[in-house]
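For reference, the chains in residue letters:
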Amino acid sequence: MNPAPTPPIPGAALVLDRAAIERCLKRITHEIIERNPDLSKVALIGIPSRGIEIARRLAGYLKEFSGTEPFTGVVDVAMHRDDLHRHRLPPRVERTILPHDLEDVTIVLTDDVLFSGRTCRAAMDSISSFGRPARIQYAVLVDRGHRELPIRADYVGKNLPTALGQRVHVRFEATDGIEDSVWMSQT
Amino acid sequence: MEAAAVPAKPQATTATTKAPDIWTRKDLVGLQDLTAAEINHVLDTASAFKDVGAREIKKVPALRGQTLVNFFVEASTRTRVSFELAAHRLSADVINMMASNSSLTKGETLKDTAKNLQALHADIIVLRHSSAGAAQFLAERLEASVINAGDGAHEHPTQALLDTFTIREKLGRIAGIHVVIVGDILFSRVARSNIHALLKLGARVTLVGPSTLVPREFEPLGVKVTHDLDRVLPEADVVNLLRIQHERQRKEYFPSLGEYTQFFGLTKQRAERLKPDALIMHPGPINRGVEIDSDLADSDRSVILDQVTNGLAVRMAVLYLCAGVRGAE
């Protein structure tokens, strides 16, 4: 066992370490395989920024466990949010990468933290402007509660009860240069 | 992603952790003050918005509920239409005001007209004006975002951004690219904005034209000035031909259009000197047979219509970024 990684914010408590994250993502992959008999129709679509890394990781496991290499892509949510004026600065927009034809496709949206549900709504709005997928499923590494919309995830790595003011921090080696870890801090 | 404490903006920090606060401007007045990072951020944002044009539904809700005023004190069709369509694609409401039907003709000052626009809760004002500094003047006095759509011979930032975007898209980079700008540099805000953007991003720039319109005074900016188009063409990666502005020109700058074409027009014969993959650009509207041969304008090398398409994406990006900052204040 490696020594505990350094918190990104002083005082933050470790919620998931690298091995736990790997177990979560592998379990989610098995659940995706169970729920979707025809894996060739599944596309893993990441919500920026760390949802993209999660989509990439799930795609790797999916290929390893089932032999099927799914389409992986990105859905921009910044230009589909209804609360631009609430942000201090305009969120970065990313290029959306979806399968050319969405007909019959099952999209699995991936994100690191599920909180209010507003990001997921924006992602679904964005996708619907491209076409009409057969269904959309939702996979998150951490569900921290406090939903503001009637949205739930189909696949959850960890349910993490939090107070509204607490913060959840996800770090990946690939995107942050910090060992894979999930943290919770009081502010 | 950090899920922030305030429920209203749980995803505010999504991608900014790696690149914090690149864009903090409510206005776009010119490119002279922008950093290379800011210019690149606009271009990156524009490439995401360009894809919106290829969707089944070519509209996103980013600026829903915001009002944009196209305030054009100087005539323009394509820039105004481009801004108008960009605003529609972002779900903003658009009002067009032309000099001829505004109260400017009744003696109202620019500032008073603008104050009135603000009193109507205009969120974004796109200004085209014949005086250099007009956009800056309004930006300093209004809470609304002010986007410069051309101020006298000073700057036309969105044109230069779309030119830069097109070069980057077609050639894959800006750094090290040799751009030759031909024509009326003296009166051209397009040239000035292009010079600022290209030099900041590491391109080489050569200005070509009659000595009356391309004075050596530009050299301290870091560009080369020459009056010999034939010699410079074989070294060019991009030739950007500026329109000869009949309406702005007084006769004494060059003897005739025919003579201009003879020395500085991109004729078929002259184009043979170009590298095979060199790009031909023009901000439009083109004077066929003056700055550029008619067939060349329609050839594969010409990216003139790509510039128009890209202009839409660049303007969506600029509106999105500036409105996003202003809204936060």
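Report follows, based on the coordinates. Only a predicted model underlies this, so the values are computations on that prediction, with no experimental measurement involved.

**Examining the overall build of chain B**
Along the backbone of chain B there are eleven helices and nine strands. Long-range contacts, defined as pairs at least 24 residues apart, comprise 73% of the intrachain contacts of chain B with a sequence gap of at least 6.

**Quick notes on the overall build of chain A**
In terms of regular secondary structure, chain A is built from four helices and eight strands. Helices (α) and strands (β) of chain A occur, in sequence order from the N terminus, as β-α-β-α-β-β-α-β-β-β-α-β. Since a compact globule built from 187 residues should have a radius of gyration of about 16 Å, the 16 Å found for chain A is in line with a globular shape. Each principal axis of the C-alpha distribution contributes one length, and for chain A these read about 50 × 45 × 30 Å. Put simply, chain A has 187 residues, and 45% of those count as buried. Contacts in chain A between residues at least 24 apart in sequence constitute 68% of all its contacts with a sequence separation of at least 6.

**Considering the sheet that holds strand 7 (residues 224–226) of chain B**
For sheets, the rule is that strands pair by backbone hydrogen bonds, running either parallel or antiparallel. Residue and element names in this part refer to chain B. Within the open sheet, the five strands sit side by side as 7-6-5-8-9. Their pairing is parallel. Only two strands of the sheet have a single partner each, and these edge strands are strand 7 and strand 9 (279–281). Direction aside, neighbouring strands of the sheet carry axes that sit 20° apart on average.

**With respect to the sheet that holds strand 1 (residues 13–16) of chain A**
Residues and elements named next belong to chain A. The sheet built from three strands is open, its strands ordered 1-8-7 with antiparallel pairing. Across the chains shown, the open sheet's two edge strands, defined by having one partner strand only, are strand 1 and strand 7 (167–171). Each strand of the sheet is rotated relative to its neighbour by a mean of 30°, with strand direction disregarded. Sheet topology note: the strand 1/strand 8 (residues 181–185) ladder contains three bridges and is antiparallel. In the strand pairing of strand 8, Leu14 is matched with Trp183.

**Topic: the pairing of strand 3 (residues 124–129) of chain B**
A regular strand places its side chains on the two faces of the sheet in alternate fashion. All names here are of chain B. In terms of burial, strand 3 is a largely internal element, six of the six residues being buried. Because side chains alternate across strand 3, one face comprises the buried residues Ile124, Val126 and Arg128, and the other comprises Ile125, Leu127 and His129, equally buried. Across five bridges, the pairing between strand 1 (residues 67–72) and strand 3 is parallel. Counted as the bridge partner of Val69 is Ile125 from strand 3. Pairing geometry for strand 3 and strand 4 (residues 145–151), over five bridges, is parallel. What sits directly across from Leu127, in strand 4, is Asn148. Assessed by its sense of winding, the connection that carries the chain from strand 3 through helix 4 (residues 134–141) to strand 4 is right-handed.

**Quick word on the nonpolar core**
Residue and element names in this part refer to chain B. Grouped together as the largest cluster of nonpolar side chains are 144 residues, with contacts concentrated most on Leu90, Ile124, Ile125, Val126, Val239, Ala317 and Leu319. The dominant element in this core, judged by the number of residues it contributes, is helix 11 (residues 304–328), at 13 residues. Not counting chain neighbours up to four residues away, the residues in contact with Val126 comprise Leu68, Val69, Asn70, Phe71, Phe83, Ile147 and Ala149.

**Some thoughts on the packing of helix 5 (residues 157–171) of chain B against helix 6 (residues 189–200) of chain B**
All names here are of chain B. Taken N-terminus to C-terminus, the directions of helix 5 and helix 6 make an angle of 50°; their axes are 8 Å apart at the nearest point. Taken together, the axes of helix 5 and helix 6 are oblique relative to one another. As helix 5 runs across helix 6, the sense of the crossing is right-handed. Contacts between helix 5 and helix 6 involve Pro157, Gln159, Ala160, Leu161, Asp163 and Thr164 from the first element and Val190, Ser193, Asn194, Ala197 and Leu198 from the second.

**Some details on helix 6 of chain B**
Residues and elements named next belong to chain B. Here helix 6 contains twelve residues, and its C-alpha end-to-end distance of 17 Å stays within 8% of the 16 Å for a straight helix at 1.5 Å per residue. Of all twelve residues that make up helix 6, ten are buried, and the element is covered over most of its length. When helix 6 is considered as a whole, its buried residues turn out to be Arg189, Val190, Ala191, Arg192, Ser193, Asn194, Ile195, His196, Ala197 and Leu198. The inward-facing, buried residues of helix 6 abut helix 1 (36–50), strand 4, helix 5, strand 5 (178–182), strand 6 (204–208) and strand 8 (238–241).

**So, unusual backbone geometry**
Cis geometry is found at the peptide bond from Pro48 of chain A to Ser49 of chain A, where omega equals -5°. For the bond running from Gly284 of chain B to Pro285 of chain B, omega is -10°, close enough to zero to count as cis. With respect to the element layout, Pro285 of chain B can be found in the loop between strand 9 and helix 10 (294–297). For His146 of chain A, which is not glycine, the phi torsion reads 70° and is therefore positive.

**Examining the packing of helix 1 (residues 18–35) of chain A against helix 2 (residues 50–66) of chain A**
All names here are of chain A. In contact at an axis separation of 9 Å, helix 1 and helix 2 are set at 60° when each is read in the N-to-C sense. With respect to helix 2, the element helix 1 is oriented oblique. Of the two possible hands of crossing, helix 1 and helix 2 adopt the one that is right-handed. Note on element contacts: helix 2 touches helix 1 through Arg57, Leu58, Tyr61, Leu62, Phe65 and Ser66, opposite Leu25, Lys26, Ile28, Thr29, His30, Ile32 and Ile33. Of the residues that constitute the contact of helix 1 with helix 2, the class distribution is eight nonpolar, three polar and two charged.

Rules used in this analysis
- Residues numbered from 1 in each chain as written.
- Chains lettered and ligands numbered in written order.
- Predicted model: local features only at pLDDT ≥ 70, side-chain atom pairs only at ≥ 80, totals over all residues.
- Helix = DSSP H or I, 4+ residues; strand = E, 2+ residues; numbered from the N terminus.
- Contact = placed C-beta atoms within 7 Å.
- Rg over C-alpha atoms; globule rule 2.2 N^0.38 Å.
- Buried ≥ 20, exposed ≤ 12 C-beta atoms within 10 Å, placed from the backbone.
- Pairing = 2+ DSSP bridges.
- Axes fitted to C-alpha atoms, helices over the stretch in contact; angles between N-to-C directions.
- Right-handed = clockwise from strand over helix to strand, strands pointing away.
- Core = buried A, V, L, I, M, F, W, Y, C linked by C-beta atoms within 7 Å.
- Parallel < 35°, antiparallel > 145°, perpendicular 65-115°, else oblique.
- Left-handed = near helix turned anticlockwise from the far one by under 90°.
- Expected span 1.5 Å × (residues − 1).
- Nonpolar A, V, L, I, M, F, W, Y, C, P; charged D, E, K, R; others polar.

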